[in-house]
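Summary of structural features
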Amino acid sequence: EILEAERRTWTINNFDIGRPLGKGKFGRVYLAREKKSEFIVALKVLFKKELMKHGQENVLRREIEIQARLRHPNCLMMYGYFYDETKVYLILEYAACGELFKKLQSVGRFPEAEALTYLAELTDALLHLHSKNIIHRDIKPENLLIGGYGELKLADFGWSVHSSGKDRKTVCGTPDYLPPEMCKDKLHNKSCDIWCAGVLLYELLVGNAPFEGRDHKALFENICGLNYRIPPFVSSSASKLIRDMLVINPSKRRPLETIARDPWVQGQRLKRDTLII
Ligand SMILES: Clc1ccc(CN2CCN(c3c(Br)cnc4[nH]c(-c5ccc(CN6CCOCC6)cc5)nc34)CC2)cc1
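Nothing here was measured: the structure is a model prediction, and the numbers come from that model. (Residues numbered from 1 in each chain as written. Predicted model: local features only at pLDDT ≥ 70, side-chain atom pairs only at ≥ 80, totals over all residues. Heavy atoms only, no water.)

1. A word on the site of the ligand
So the rule is basically this: Near is defined per residue: the residue qualifies when any heavy atom it owns lies within 4 Å of the molecule or strand. For this analysis, a polar contact is any N or O atom pair within 3.5 Å, provided that within protein one partner can donate a hydrogen and the other can accept it, and provided that sequence-adjacent residues contribute only side-chain to side-chain pairs. All accessible areas in this document rest on Shrake-Rupley with a 1.4 Å probe, and a residue is counted as covered only by the protein chains that are shown. With a 1 Å grid spanning the protein atoms alone, the term cavity applies to any set of points in which a 1.4 Å probe fits but cannot get out, the term pocket to an open set with protein on both sides within 12 Å along at least five of seven lines, and the term lining residue to any residue with an atom within 4 Å of a point. Each molecule is checked against the cavity or pocket grid, and it sits inside if more than half of its atoms lie within 2 Å of the grid points. What counts as a helix is a DSSP run of H or I of at least four residues, what counts as a strand is a run of E of at least two, and both are numbered from the N terminus.
Taken together, 21 residues lie around the ligand, and K23, G24, E93, A95 and E99 are the ones closest in. Here E99 contributes a side-chain N or O atom positioned 2.7 Å from a nitrogen atom of the ligand. If the ligand stood free it would expose 760 Å²; the protein chains cover 70% of that surface. Given that more than half its atoms are within 2 Å of the pocket grid, the ligand belongs to the largest pocket. Of all the elements, strand 1 (residues 15-23) adds the most residues to the shell around the ligand, at four residues.

Put into structure tokens, the structure is as follows:
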């Protein structure tokens, strides 16, 4: 019944508010329960004043319009939204196992099968977005959540955009993850998500991002010069996959379709049939 609620107007009184799940620049996310259905959600509360002060209104507008269109097991659902005079509220799916980067921090780096399972799930989510002509553009561990079955959930579509064929210009994303074309002349398209998925795979397997630099200039030089090393503990198959995605020329990057269908990747995928309590 929460889905039929899309047409309903929600207010904060429909929810019991639980513990805070995290704080962001423009607001907070709370665990919450819809009173009638007792359905558990994550309620993202954003302060209008803060959003206006930093000109983030259209980032939020895009996040809402894009997330409302997505229905995929590896994309965090948005069930609805509402606002009052000071705040905007997004009613989001609750990912029971938290944030991927927190898990990465606590384990250091993931075993290959787990890292490749996350990559395969991210690829499935990105193929869903690309099928709707949406580029995410800001893939990084901070924007990836883990659902109750341990599955990856792509979240935070604030920087996503419709890529209706013509290339985009807005520079966005996280410096470590920026593809070369976004560091240089800023024209980019869907293949920037392939680069970011490659940076993510590296970070999940190694524990830190491939490109570093004491400042943005040094970082961009390393990105555009493809200056990174893959440590010896990474298998040759995983190394080859990383090298096939971290390619300067966007059109030469390995297409996501072939990654999702790669027999070795499929063979590594963990089963996601046990709820993690
Ligand atoms: Cl405005 C803003 C405010 C905060 C943030 C940062 N996070 C963004 C993601 N948030 C969550 C969303 Br959206 C949806 N489902 C979630 N589920 C969780 C979550 C779930 C469980 C935990 C508890 N950990 C689970 C793993 O084991 C250790 C304990 C921690 C976080 N966070 C979110 C939490 C806050 C981003 C933007």
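Read on for the rest.
2. Quick look at the pairing of strand 5 (residues 87-92)
Rules: Exposed residues in this analysis have more than 50% of their type's maximum accessible area, buried residues have under 20%, and partly exposed residues fall in between, with area computed by a 1.4 Å probe over protein chains only. Only when DSSP finds a minimum of two bridges between them are two strands counted as paired.
With respect to burial, strand 5 is a largely interior element, five of its six residues being buried. Pairing analysis gives six bridges linking strand 3 (residues 40-47) to strand 5, with the strands arranged antiparallel. Each residue of the ladder has a partner; that of L43, found in strand 5, is I91. Examined bridge by bridge, strand 4 (residues 78-83) and strand 5 share five bridges and lie antiparallel to one another. When the sheet's bridge partners are listed, Y81 is paired in strand 5 with L90.

3. Considering the packing of aromatic side chains
Put simply, the rule reads: Aromatic rings from Phe, Tyr and Trp, taking only the six-membered ring of Trp, are treated as a pair when their centres fall within 6.5 Å; an angle between ring planes under 30 degrees marks them as stacked, one over 60 as edge-to-face, and anything in between as tilted.
Inspection of the entire model under this criterion finds eight aromatic pairs. Ring geometry for F110 against Y118: centres 5.2 Å apart, planes inclined by 65°, an arrangement best described as edge-to-face. Exposure remark for F110: the relative accessible area of 3% places this residue in the buried category. An aromatic cluster is built from W10, F15, F82 and Y89, whose rings are joined through pairwise contacts.

4. Overview of the packing of helix 4 (residues 112-131) against helix 6 (residues 191-206)
Packed helices, taken two at a time, are described by the angle between their axes plus the distance between the axes. Under the convention used in this document: The axes are straight lines fitted to the C-alpha atoms, using for helices just the contacting stretch, and the angles between their N-to-C directions are given from 0 to 180°. For classification purposes, angles smaller than 35 degrees are called roughly parallel, those larger than 145 roughly antiparallel, those between 65 and 115 roughly perpendicular, and all remaining angles oblique. By definition, turning the near helix anticlockwise from the far helix through less than a right angle yields a left-handed crossing, and turning it clockwise yields a right-handed one. In this analysis, two residues are considered to be in contact whenever any of their non-hydrogen atoms come within 4.5 Å of each other.
As a packed pair, helix 4 and helix 6 sit with axes 10 Å apart at the nearest point and diverge in direction by 165°. When the interaxial angle is binned, helix 4 and helix 6 end up roughly antiparallel. You can see that helix 4 and helix 6 cross each other, and the crossing is right-handed. Counted together, E112, A115, L116, Y118, L119, L122, L126 and H130 of helix 4 and D193, A197, L200, L201, L204 and L205 of helix 6 form the full contact between these two elements.

5. Re the packing of helix 6 against helix 8 (residues 236-245)
Going by this rule: Amino acid classes used here: Ala, Val, Leu, Ile, Met, Phe, Trp, Tyr, Cys and Pro are nonpolar; Asp, Glu, Lys and Arg are charged; the rest, including Gly, are polar.
Contact geometry for helix 6 and helix 8: axes closest at 8 Å, N-to-C directions at 150°. The angle between the axes of helix 6 and helix 8 places the two elements in the roughly antiparallel class. Considering the relative orientation of helix 6 and helix 8, their crossing is left-handed. Counted together, I194, W195, A197, G198, L201, Y202 and L205 of helix 6 and A238, L241, I242 and M245 of helix 8 form the full contact between these two elements. For the contact of helix 6 with helix 8, the residue count by class is 10 nonpolar, one polar and no charged.

6. Some remarks on unusual backbone geometry
Phi is positive for E38, which is not a glycine, with a value near 60°. Tracing the sequence through the fold places E38 in the loop between strand 2 (27-34) and strand 3. The residue L226 is not glycine, and still its phi comes out positive at about 55°. Looking at the secondary structure, you find L226 in the loop between helix 7 (216-224) and helix 8.

7. Thoughts on helix 8
Those residues of helix 8 that fall on the buried side of the exposure criterion are A238, S239, L241, I242, D244 and M245. Where helix 8 is buried, its residues meet helix 4, helix 6, helix 9 (256-261) and helix 10 (263-268).

8. A few points about the side chain of E93
Within the secondary structure layout, E93 lies in the loop between strand 5 and helix 3 (100-107). Residue classification places E93 among the buried residues on the basis of a relative accessible area of 13%. A distance of 2.7 Å separates polar atoms of two side chains, one belonging to E93 and the other to K153. Not counting chain neighbours up to four residues away, the residues in contact with E93 comprise A42, C75, L76, M77, Y79 and K153.

9. Quick look at the pattern of salt bridges
Threshold: Salt bridges are identified by distance alone: a Lys or Arg side-chain nitrogen within 4 Å of an Asp or Glu carboxyl oxygen.
Applying the stated criterion across every chain, the model contains 15 salt bridges. For K153, the salt bridge is made with E151, and the minimal N-O distance between the two is 3.6 Å. Neither residue differs from the other here; K153 and E151 are each classed as buried. Among the charged side chains, a salt-bridge network with shared partners connects K240, D244, R254 and D262.

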